[in-house]
2 protein chains.
Amino acid sequence: MSDRFEIRFAGSGGQGVILASVVVGEAVSLYADGLFAVQTQSYGPEARGGSSKAEVVISSEPIDYPMPVQPNLQVILTSQACEKYATDTKPGGRLIIDDFYVKDIPEVDANIYHLPIVKTARDVIGRELVTNMVSLGMVARVLELEKVAEPEAIRKAILSRVPKGTEEMNGKAFDEGYKVFKNSQSLHF
Amino acid sequence: MSDRFEIRFAGSGGQGVILASVVVGEAVSLYADGLFAVQTQSYGPEARGGSSKAEVVISSEPIDYPMPVQPNLQVILTSQACEKYATDTKPGGRLIIDDFYVKDIPEVDANIYHLPIVKTARDVIGRELVTNMVSLGMVARVLELEKVAEPEAIRKAILSRVPKGTEEMNGKAFDEGYKVFKNSQSLHF
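Model, not experiment: these values are computed from the prediction.

Rules behind the numbers
Residues numbered from 1 in each chain as written. Chains lettered and ligands numbered in written order. Predicted model: local features only at pLDDT ≥ 70, side-chain atom pairs only at ≥ 80, totals over all residues. Heavy atoms only, no water. Helix = DSSP H or I, 4+ residues; strand = E, 2+ residues; numbered from the N terminus. Rg over C-alpha atoms; globule rule 2.2 N^0.38 Å. Buried < 20%, exposed > 50% of the residue type's maximum accessible area, 1.4 Å probe, protein only. Contact = heavy atoms within 4.5 Å. Areas by Shrake-Rupley, 256 points an atom, 1.4 Å probe, with all protein chains shown as cover. Lys, Arg positive; Asp, Glu negative; His and termini not counted. Charge placed at Lys NZ, Arg CZ, Asp CG, Glu CD. Salt bridge = Lys/Arg side-chain N within 4 Å of Asp/Glu carboxyl O. Least-squares fit on C-alpha atoms with pLDDT ≥ 70 in both. Patch = residues over 30% accessible without salt bridge, like charges linked within 9 Å, V, L, I, M, F, W, Y side chains within 5 Å. Polar contact = N/O pair within 3.5 Å; in protein donor to acceptor, adjacent residues only side chain to side chain.

Right, let's talk about the overall build of chain A for a bit. Within chain A, the secondary structure is distributed over 6 helices and 7 strands. The secondary structure elements of chain A, listed N-terminal to C-terminal, are β-α-β-β-β-α-β-β-α-α-α-α-β. Against the globule reference of 16 Å for 189 residues, chain A gives a C-alpha radius of gyration of 15 Å, in line with a compact fold. Looking at chain A residue by residue over its 189 residues, the buried ones come to 57%. Pairs at least 24 residues apart make up 59% of the contacts formed inside chain A by residues separated by at least 6 positions. With the model as given, the accessible surface of chain A reaches about 7,900 Å², and the carbon-plus-sulfur share is 48%. Taking the average location of the 20 positive side-chain charges in chain A and that of its 25 negative ones, the two points are 4 Å from each other.

Next comes the structure, spelled out in structure tokens:
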């Protein structure tokens, strides 16, 4: 990896974006080698509108400035969040957008992946609740491609975080997300 | 409140310090007026030792630098965390330390509260799991004294975050923590 890798999850309250970013932070610090991570949530008056975002900065060195400057990877789950954040993506970076809640694909200088995150959670797993786990599977594939961390690190962090008895469902959601991303193609602008 | 109020929760994995700080961030942004908050977790190699910390910076203005510089309030749940972080407390600030897991009271220029956080969770509520909710009750009393937010803001944020069916237990743990702090006295150094 380069010295710094920035990820942002954005969606609405209840889509579990905070847990998703906590899992990434724990995964890279506990189950990958020698990485530092800072995970943040910023809340302002807009939180009342129900939007939610959470971010992780990963680095091979201690992190001075913990806020993303230009996320290398964004996972965006609502059209409101897409309008607000899509253009922040680092040029040439990756932007994963949900194909159920986001219909208009933004024009951004990035690799754009318009993928069934919510649909996979709902139709394959049967619970929209695991949307964040599907997105973590996609993130795991990106982190693998970028040589930041192995998918197994994310998977372990998920299993140690989710409530007892839900490990199988969450693990399956993760695996499905990983597969969907692996078989996908990006749109370039 | 002054322009900026910084809180750190520190303990070990499983004590719920991340959820505690997420609750504070959501409470002040959703249920208090015109406040901004940034909530962070920093992970480094020490995370493997099982220690856990989470921080919130609250401000009446948008927050440029989201990491605590000198926390106005720290809640510390283990002796390991106490050794590491107690001296960071802002001079004249407040340091709440658990009286079950932390026996040595650090010499710090702060108002120190050596209080039964874990014991209240375990003996009054019957579940050590709600340690973080007891500590949130204490934090709520401090935020009230500091005129940052009303206790009800924290209480509402708890109830909207915890799993269905556990609201009563968590609410009671919060109330107990609030009472314990309200009836406590600080030690001065």
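Overall, the coordinates contain 22 salt bridges over all chains when judged by the stated rule. As a salt-bridge pair, Glu-144 of chain A and Arg-141 of chain A come within 2.8 Å of each other at their nearest N and O atoms. Placement of the pair is Glu-144 of chain A and Arg-141 of chain A together in helix H4 (residues 131-145), with a separation of 3 residues, close to one helical turn. For Arg-141 of chain A, a relative accessible area of 16% translates into the label buried. The salt bridge partner of Glu-26 of chain B is Arg-161 of chain B, with a shortest N-O separation of 2.8 Å. Remark: Arg-161 of chain B occurs in helix H5 (residues 151-161) and Glu-26 of chain B occurs in helix H1 (residues 17-31); sequence separation between them is 135 residues. Here the salt bridges share partners, and the residues they tie into one network are Arg-8, Lys-53, Glu-55 and Asp-88 of chain A.

Turning next to the relation of the copies chain B and chain A. When chain B is fitted onto chain A, the two copies agree to an RMSD of 0.0 Å after a turn of 180 degrees and an axial shift of 0.0 Å. Both chain copies can therefore be described as sitting about a two-fold axis. In terms of C-alpha distance to the rotation axis, chain B has Thr-40 of chain B as its closest residue, with the C-alpha 2.1 Å off the axis. A share of 96% of the interface residues of chain B reappears at the interface of chain A, consistent with the copies meeting face to face through the same patch.

On the surface, a cluster of nonpolar side chains totalling about 400 Å² of accessible area is made up of Tyr-65 and Val-69 of chain A together with Tyr-65 and Val-69 of chain B. As for its placement among the helices and strands, Val-69 of chain A is situated in the loop between strand E3 (51-59) and strand E4 (73-76). Assessed through its relative accessible area of 60%, Val-69 of chain A is described here as exposed.

Turning our attention to the environment of Glu-167 of chain A. Residue and element names in this part refer to chain A. Structurally, Glu-167 can be placed in helix H6 (residues 167-182). Residues Glu-167 and Ala-37 lie 130 residues apart in sequence; the distance between their C-alpha atoms is 24 Å. Other than its neighbours up to four places away in sequence, Glu-167 contacts Leu-159 and Val-162. At 2.7 Å, the side chain of Glu-167 forms a polar contact with the backbone nitrogen of Gly-165.

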